[in-house]
Amino acid sequence: EGSEGQGKNVLVQREMVDQIEGMIEQLEQGLVERGTEARLLTLAALSRNHLLLIGPPGTAKSELSRRLSSAFEVKSIEPDPFDAFPTDSYHP
């Protein structure tokens, strides 16, 4: 019974890994060089943490956020593009 239980655990773990890998593939599908961001977003979501994506316009930050929220069926939170984010609230 012990080895049978371990076998089931291995199958469940493999299924979870497959689901996570599938989610990452869906996040980065059609995007150029966004694999790292897709993995970090997935890790942050699964570990119930935050991730701030910073970069120039047109680097798929909002698209990745929308795709992730769609995968988890939750509302995406995106900042107002007219906010002066770097000068108002980011002080390194």
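Computed from a predicted structure; not experimentally measured.

A. Quick peek at the nonpolar core. Counting seven residues, the largest nonpolar core is built from Met 23, Ile 24, Leu 27, Ala 38, Leu 41, Leu 64 and Leu 68. Where this core is concerned, the elements lending two or more residues are helix 1 (2–28), helix 2 (35–46) and helix 3 (61–72). Setting aside chain neighbours within four positions, we find Leu 68 in contact with Met 23, Leu 27, Leu 41 and Ala 45.

B. Helix 3, seen in detail. Along its twelve residues, helix 3 runs 17 Å from first to last C-alpha, staying within 8% of the 16 Å computed at 1.5 Å per residue. Residues of helix 3 that are buried include every one of Leu 64, Ser 65, Leu 68 and Ser 69, and no others. Along helix 3, the residues classed as buried sweep out an arc of 130 degrees about the axis, all on the same side. Trailing helix 3 by a residue or two, Glu 73 shows a phi angle of about 55 degrees, which is positive.

Procedures and definitions
Residues numbered from 1 in each chain as written. Predicted model: local features only at pLDDT ≥ 70, side-chain atom pairs only at ≥ 80, totals over all residues. Heavy atoms only, no water. Core = buried A, V, L, I, M, F, W, Y, C linked by side-chain atoms within 4.5 Å. Buried < 20%, exposed > 50% of the residue type's maximum accessible area, 1.4 Å probe, protein only. Helix = DSSP H or I, 4+ residues; strand = E, 2+ residues; numbered from the N terminus. Contact = heavy atoms within 4.5 Å. Expected span 1.5 Å × (residues − 1). Arc of directions from axis to C-beta.

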